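Report on the structure
The residues making up each chain are set out below.
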Amino acid sequence: MISNVQTEGSWIRVYDEKSKKISQMPSGKIAVVGIASDFFIVEDGAWIRVFDLNCKKISQLPLNKIKVITAVGQSFTTKEGNWIRVYDKECKKLSQKPA
């Protein structure tokens, strides 16, 4: 279970609830934008990418006009233009409503 994901120098490090490092990956120009219990979300160039706790990519979406608002449970919420959309960690759209 993920309790924290943070950029430390040139690394993105994933920690469990006991503050033990689970995994890490090079940060490059990647920005962490959301953390849930078993996945985290980054902006990486023109993509929003979803990774598991072992830093293995699960899915991705084009970044075009998308802003990640939050990640909770098994989903994350975005603002896309005039829409609020909820996706699962596989980037399957679950719902949407006007912003």
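Reference entry: report on the structure contained in this document. In this convention, every chain numbers its residues from 1, walking through the sequence in written order. Two thresholds apply to this predicted model, a pLDDT of at least 70 for residue-level local features and 80 or more for giving and counting side-chain atom pairs, whereas whole-chain, interface and lining totals are computed over all residues. Values reported for side chains reflect all heavy atoms of the structure, with hydrogen atoms and water molecules removed beforehand.

Side note on the pattern of salt bridges
We count a salt bridge whenever a side-chain nitrogen from Lys or Arg sits within 4 Å of a carboxyl oxygen from Asp or Glu. Counted under the stated rule, the structure contains 4 salt bridges. For the salt bridge of Glu 8 with Arg 13, the shortest nitrogen-to-oxygen distance reads 2.8 Å. Whether a residue is buried, partly exposed or exposed follows from its accessible area with a 1.4 Å probe, protein chains only, as a fraction of its type maximum: under 20%, in between, or over 50%, in that order. For Glu 8, a relative accessible area of 22% puts it in the partly exposed group. Judged by its relative accessible area of 19%, Arg 13 is buried.

Observations concerning the side chain of Ser 59
Helix numbering and strand numbering both begin at the N terminus, where a helix is a DSSP run of H or I of at least 4 residues and a strand a DSSP run of E of at least 2. By the element assignment, Ser 59 lies in strand β7 (residues 57-62). Any pair of residues with heavy atoms lying within 4.5 Å of one another is described as a contacting pair. Excluding residues within four positions of it along the chain, Ser 59 makes contact with Ile 48, Arg 49, Val 50, Lys 89, Glu 90 and Cys 91.

Details of the nonpolar core
Nine residue types can take part in a nonpolar core, namely buried Ala, Val, Leu, Ile, Met, Phe, Trp, Tyr and Cys, and a core is a set of them joined through side-chain atoms within 4.5 Å. Phe 39, Ile 41, Ile 48, Val 50, Leu 61, Ala 71 and Phe 76 are the most contacted members of the largest nonpolar core, which totals 13 residues. Those elements giving two or more residues to this core turn out to be β5 (39-44), β6 (47-52) and β8 (66-72). It is β8 that contributes the most residues to this core, 3 residues altogether. Within the second largest apolar cluster, 10 residues are counted, among which are Ile 2, Val 42, Phe 51 and Cys 55.

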